[in-house]
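# What the coordinates show
If you want the building blocks of each chain, they are given just below.
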Amino acid sequence: MKSLTIFTILFLILAAGCQASTPLATPEKQPENTLAPSQTAAVIESVSQKKTNTPVPSETYAPTETVTETATATPDTRPLPEEWKEWPVVPEPTSRVYEIYQRGIELGRDPQHFSKIGDCHNVRAAFMGFFDKPCWYILRGENAHLQPAIDWFAGSFDRDGYAVQGGYNAAAVISPIWANQEVCEPGENPVQCELRIHNPSFAFVSLELWWEGRTTERYELYMRQILDTLIEEGVVPILATKADNVEGDHSLNYTTAKLAYEYNLPLWNFWKAAQALPNKGMDIERDDGFHISTLAWTERSFTALRTLDHLWTSVNAVEE
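Residues numbered from 1 in each chain as written. Predicted model: local features only at pLDDT ≥ 70, side-chain atom pairs only at ≥ 80, totals over all residues. Heavy atoms only, no water.

## Notes on the sheet that holds strand β6 (residues 267-268)
Adjacent strands of a sheet pair through backbone hydrogen bonds, lying either parallel or antiparallel. Spatially, the four strands line up as an open sheet ordered β3-β4-β5-β6, and their pairing is parallel. This sheet does not close on itself; its edge strands, each paired only once, are β3 (114-118) and β6. Relative to β6, strand β5 (residues 236-240) runs parallel, the two being bridged by two bridges. Across the sheet, the residue bridging to L239 is L267, located in β6. (Pairing = 2+ DSSP bridges. Helix = DSSP H or I, 4+ residues; strand = E, 2+ residues; numbered from the N terminus.)

In structure tokens, the structure reads:
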């Protein structure tokens, strides 16, 4: 993995929390109430992403079937989902990305907007919010090229929208029960509401919250509904792996990679980036196996920005 130039971010960041131990059980039940983020000051310095030899867990998810479908007729040289740990942090755009993006432009999607669909790790306090605050970050050297993307998507970073909330999972965001009744139309679910109001061209999808009793198969079922909706509406989904392994066998990361492979979509592999961080990005103080550290928030935000920039510049290059 290519090393990143060390940069310093000075910003006030809000600590966002969600209760991983008591998440939504079904779309019909209300998620546990989450604590409002408390204000805290922090000086966070990102670390270089160094490639490390991470030991393979003794227990890994053993899929019963390997997905071989592709969305293209050309020879498929992509790494398989079973090899997701080796997938790059920043994905290469696929032909499907341009196809979806172009459909979105034809449908009237705003090319300067992106959305977030996720749980507490994706609220603006923890994820990318500071990019809307020029004095809160510094890009140095080879990273200076990211500023145009920050300028282009200004206004989308420091917002949660209507499909992000602590405790959200893949079931909740497709249930009208959890839509914001003050702004969403009758029958709209959080994803549909966010697409109508913010009208994005890209959407980060990070809904890997797991708990005992929720099967990987159900997660996959709900994720397919989310992806089908985004693609039909001309919004490019950006899938993400997670740093934690609460489920014990990495099955959610594998399933996310399987969906990215089958749908031929970009997978932002944050798990790989987190391996170079202290404690592999996990919060040492809370030590609950779910929450990531404030340093990991920064690295996660930065690698997401690199992903967004790469996809955005690629679709524009094709158009030219």
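## What to know about the packing of aromatic side chains
One pass over the full model with this rule turns up 15 aromatic pairs. Geometrically, the ring pair formed by W152 and W312 is stacked, given 5.7 Å between the ring centres and 25° between the ring planes. You can see W152 sitting in helix α2 (residues 147-152) and its partner W312 sitting in helix α7 (residues 294-319), a full 160 residues away along the chain. W152 gets classed as partly exposed once you look at its relative accessible area, which sits at 30%. On the basis of relative accessible area, W312 is assigned to the buried category, the value being 10%. Aromatic pair F153 and F202: ring centres 6.2 Å apart, planes at 75°, arrangement edge-to-face. Of this pair, F153 sits in the loop between α2 and α3 (190-198) while F202 sits in strand β4 (residues 202-206), placing them 49 residues apart in sequence. Note on accessibility: F153 and F202 belong to one class, buried. (Phe/Tyr/Trp six-rings, centres within 6.5 Å; stacked < 30°, edge-to-face > 60°. Buried < 20%, exposed > 50% of the residue type's maximum accessible area, 1.4 Å probe, protein only.)

## Section: the pattern of salt bridges
Think of it this way: side chains of opposite charge can pair up when their charged atoms draw near. Taken as a whole and assessed by the stated rule, the structure comprises 13 salt bridges. One salt bridge connects K258 with E220, and the closest N-O pair in it is separated by 3.0 Å. One end of the pair, K258, is in helix α5 (residues 251-263); the other, E220, is in helix α4 (residues 216-232), and 38 residues separate them in sequence. Classification of K258 by relative accessible area gives buried; the value is 14%. E262 is paired through a salt bridge with R224; the nearest N and O atoms lie 2.7 Å apart. On the criterion of sequence distance, the pair formed by E262 in helix α5 and R224 in helix α4 is long-range, its members being 38 residues apart. Several salt bridges converge on common partners, so that one network encompasses E220, R224, K258 and E262. (Salt bridge = Lys/Arg side-chain N within 4 Å of Asp/Glu carboxyl O.)

## Let's talk about α3
Listing the buried residues of α3 in full gives P190, V191, C193, E194, L195 and H198. By the N-cap criterion, in which a side-chain oxygen at the helix start approaches the backbone nitrogen of a residue two or three places on, α3 is capped by N189, the distance to V191 being 3.0 Å. Positive phi shows up at N199, right after α3, with a value of about 55°. (Polar contact = N/O pair within 3.5 Å; in protein donor to acceptor, adjacent residues only side chain to side chain.)

## A word on the environment of T294
Here T294 lies in helix α7. For the pair T294 and A126, spaced 168 residues apart in the sequence, the C-alpha separation amounts to 7.7 Å.

## Details of the pairing of β3
Burial analysis of β3 places five of its five residues in the buried class, the great majority of the element. Every second residue of β3 is oriented toward a common face, with F114, K116 and G118 on one face and S115 and I117 on the other, all of them buried. Both β3 and β4 contribute to a ladder of five bridges, which runs parallel. Bridging across to β4, I117 finds its partner in V205.

## With respect to the pairing of β5
Counting buried positions along β5 gives five out of five residues, so the element sits mostly inside the fold. Where burial is concerned, the two faces of β5 agree: the one with V236, I238 and A240 and the one with P237 and L239 are both buried. Taken together, the four bridges between β4 and β5 define a ladder with parallel strand orientation. Bridging across to β5, F202 finds its partner in V236. Crossover connection from β5 via α5 to parallel β6: handedness right-handed. (Right-handed = clockwise from strand over helix to strand, strands pointing away.)

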